[in-house]
Amino acid sequence: MRRLLILIPILFLSFEAHALQVMIDPGHGGIDSGTSHLGVQEKDLVLKVAGYLKDLLGSNPQFTVQMTREKDQHVSLSERVKKAEKSQADLFLSLHANSNPSTRVKGTELYFQNSLPPDEESLLLAEQENQAEAVATNSAKSVESPSKKGDIMAIVEDLHRQHRAKSSLQITQLLAQDWSSAAIKQAPFYVVSKTTMPSVLIEVGFLTHPEEAKKLSSVKYQQEIAQKIYKAVVQYKEMMDKIEGQALE
Ligand SMILES: [Zn+2]
């Protein structure tokens, strides 16, 4: 009986899923204010939403959470990616706010990366968001040829890429489920292209839309956004644990 009592906690421990490490990436910061309209600056808005999201995730022991920036400071896109890689994050969530020449365009947009070609408008947006990084990227274009790597390495990397693309789509779909107005799109944003973990870039709304800008600047709506993202991340974790559990059976 005593042996059984000792075994129970060991069994429980072996089935306990590990905490999901989330890296929240509030876009822009410092001299780079992002888009700025009707008195609302993108860098401030996304930092606030990120803070609420960090509090929600941080209060749940199923998650560990970090941010690429905690205050109004400039962090380059490559530094953001480096931070995520260094901390071995399981999930990368980049937060941004949108703008459009038309003041009638509104809504949430969710960007993930896979092999489908992006539409022209998404490409333009990615270009705008990536601008800060253009100089740095051009000077560091040394990509290792895949043929130089061993076959097994190539297979492992391919599996990893497949897992990343699939998981990125899953978190994006979970976000869209609760966000009826959200559109799923794709574009080569630097941070979602260069990170090796599942990632999604969330454009929380359009600052050029007068009503949406007003809503986005309210604490209540910022908390609502954080809550929506939190809910999707919780569902994502449940999904991942289930897959992991099945693999162990
Ligand atoms: Zn942005």
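To start, this report covers the structure provided alongside it. (Residues numbered from 1 in each chain as written. Predicted model: local features only at pLDDT ≥ 70, side-chain atom pairs only at ≥ 80, totals over all residues. Heavy atoms only, no water.)

**A few points about the overall build of the chain**
Secondary structure summary: the chain contains 9 helices and 8 strands in total. Among the 249 residues that make up the chain, the fraction classed as buried is 41%. Considering only intrachain contacts with a sequence separation of at least 6, the fraction spanning at least 24 residues in the chain is 83%. Looking at the chain as shown, the accessible area adds up to about 14,200 Å², and 57% of this sits on carbon and sulfur atoms. (Helix = DSSP H or I, 4+ residues; strand = E, 2+ residues; numbered from the N terminus. Buried < 20%, exposed > 50% of the residue type's maximum accessible area, 1.4 Å probe, protein only. Contact = heavy atoms within 4.5 Å. Areas by Shrake-Rupley, 256 points an atom, 1.4 Å probe, with all protein chains shown as cover.)

**Quick look at the pairing of strand 5 (residues 91-98)**
Among the 8 residues of strand 5, 8 are classified as buried, and the element is accordingly described as predominantly covered. Every second residue of strand 5 is oriented toward a common face, with Leu91, Leu93, Leu95 and Ala97 on one face and Phe92, Ser94, His96 and Asn98 on the other, all of them buried. Here strand 1 (residues 20-26) runs beside strand 5; their pairing, made up of 5 bridges, is parallel. Bridging from a neighbouring strand, Ile24 pairs with Leu93 of strand 5. (Pairing = 2+ DSSP bridges.)

**Points about the nonpolar core**
Core analysis: the largest hydrophobic core is formed by 40 residues, its most contacted members being Ile24, Leu57, Leu175, Ile202, Ile229 and Val233. Sorting the residues of this core by element identifies strand 1, helix 2 (42-58), strand 4 (63-67), strand 5, helix 6 (151-178), strand 8 (199-206) and helix 9 (219-248) as the ones contributing at least two each. The element best represented in this core is helix 9, accounting for 10 residues. Residue contacts for Ile202: discarding those within four places in its chain leaves Ser94, Leu95, His96, Thr108, Glu109, Leu110, Leu175, Trp179 and Ile229. With 16 residues, the next largest nonpolar core counts Leu77, Ala89, Tyr190 and Met197 among its residues. (Core = buried A, V, L, I, M, F, W, Y, C linked by side-chain atoms within 4.5 Å.)

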